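Below, each chain spelled out in residue letters.
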Amino acid sequence: MIKIISFILLTTMHIQAMETDIKEIGDSEEDQIRLRWDQFITYWEAGDAASCASFYTPSGMNIPNAFEPNSGREEIEQFYTFLFDNNQSSVYKHTTHDLKILGNDAVEYGEFSVDWITNEGTSWTYKARTMAHWVKNRDGIWEIEKLLFNLAPE
């Protein structure tokens with residue numbers, strides 16, 4: 001009987017500790033934005049342009065280096081489709097250097113790199129610095145209002 005009670009107590013304590021860990025990991029605004037990047041990367045590496053565009057607000061902007069700015073999810077999806085159609089695959093890495101949150105707005109300075117394999121089989125890497133303006137929507141989900149990126153210095 002003592003073994004059963006001990007097991008129940010230990011299991012309950014372990015479950016409570018896990019719940020605390022999950023809340024600590026996922027409750028901060030910074031963690032929510034980092035999780036959004038992890039989700040974005042999953043869709044990016046799957047070549048899912050529509051899902052990548054869904055991370056932006058309906059009026060969001062993607063402002064790439066050497067291309068015209070893309071406004072709204074439809075244009076952003078077309079831009080990502082262009083990238084994915086011209087390459088076999090890619091590996092996306094994102095780093096956040098600074099993130100400031102004020103209410104339902106956040107500004108992030110970071111960088112990303114994409115290791116591409118073109119349709120012809122050539123490997124190449126694109127590295128960029130980023131400035132992102134995040135907005136929390138009515139459902140409490142962080143979305144990108146503006147993403148500006150340019151080539152990182154050598």
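These numbers come from a predicted model, not from an experiment.

Caption draft 1: Geometry of unusual backbone geometry. With phi around 70°, Ala66 is a residue other than glycine that occupies positive phi space. With respect to the helices, strands and loops of the structure, Ala66 is situated in the loop between β1 (56–63) and β2 (70–71). Given a relative accessible area of 73%, Ala66 falls into the exposed group.

Caption draft 2: Layout of the pattern of salt bridges. The full count for this structure, using the stated rule, is five salt bridges. Between Glu143 and Arg73 there is a salt bridge; the shortest N-O distance is 2.9 Å. With Glu143 in strand β6 (residues 142–151) and Arg73 in helix α4 (residues 72–85), this pair connects stretches of sequence that are 70 residues apart. Overall, Glu143 belongs to the buried group, its relative accessible area being 10%. Residue classification places Arg73 among the partly exposed residues on the basis of a relative accessible area of 29%. A salt bridge links Lys100 to Asp98; the nearest nitrogen and oxygen atoms lie 3.4 Å apart. Note on Lys100: relative accessible area 54%, which makes it exposed.

Caption draft 3: Representation of the environment of His97 in the model. Residue placement: His97 occurs in strand β3 (residues 87–102). Its relative accessible area of 42% is what places His97 among the partly exposed residues. Along the chain, His97 and Gly110 lie 13 residues apart, while their C-alpha atoms are 4.9 Å from each other. A distance of 2.7 Å separates the side chain of His97 from the side chain of Glu111, its partner in a polar contact.

Caption draft 4: Representation of α4 in the model. With 14 residues, α4 extends 20 Å between its outermost C-alpha atoms, agreeing within 8% with the 20 Å of an ideal straight helix rising 1.5 Å per residue. For α4, the full list of buried residues reads Gly72, Ile76, Phe79, Tyr80, Leu83 and Phe84. Viewed along the axis of α4, the buried residues span an arc of 140°, placing them on a single side of the element. Exposed residues on α4 whose side chains face more than 90 degrees from its buried face are Glu74 and Asp85.

Caption draft 5: Molecular detail of the environment of Glu75. By secondary structure assignment, the location of Glu75 is in helix α4. Here Glu75 falls in the partly exposed class, since its relative accessible area comes to 36%. The spatial distance from the C-alpha of Glu75 to the C-alpha of Ala53 is 8.6 Å, given a sequence separation of 22 residues.

Caption draft 6: View of a nonpolar patch on the surface. A cluster of nonpolar side chains, Val107, Tyr109, Met131 and Leu148, forms an exposed patch at the surface whose accessible area comes to about 340 Å². If you trace the backbone, Val107 turns up in strand β4 (residues 105–118). Classification of Val107 as partly exposed rests on a relative accessible area of 42%.

About the thresholds
Residues numbered from 1 in each chain as written. Predicted model: local features only at pLDDT ≥ 70, side-chain atom pairs only at ≥ 80, totals over all residues. Heavy atoms only, no water. Helix = DSSP H or I, 4+ residues; strand = E, 2+ residues; numbered from the N terminus. Buried < 20%, exposed > 50% of the residue type's maximum accessible area, 1.4 Å probe, protein only. Salt bridge = Lys/Arg side-chain N within 4 Å of Asp/Glu carboxyl O. Polar contact = N/O pair within 3.5 Å; in protein donor to acceptor, adjacent residues only side chain to side chain. Expected span 1.5 Å × (residues − 1). Arc of directions from axis to C-beta. Patch = residues over 30% accessible without salt bridge, like charges linked within 9 Å, V, L, I, M, F, W, Y side chains within 5 Å. Areas by Shrake-Rupley, 256 points an atom, 1.4 Å probe, with all protein chains shown as cover.

On their own, these measurements won't tell you what the molecule is for.
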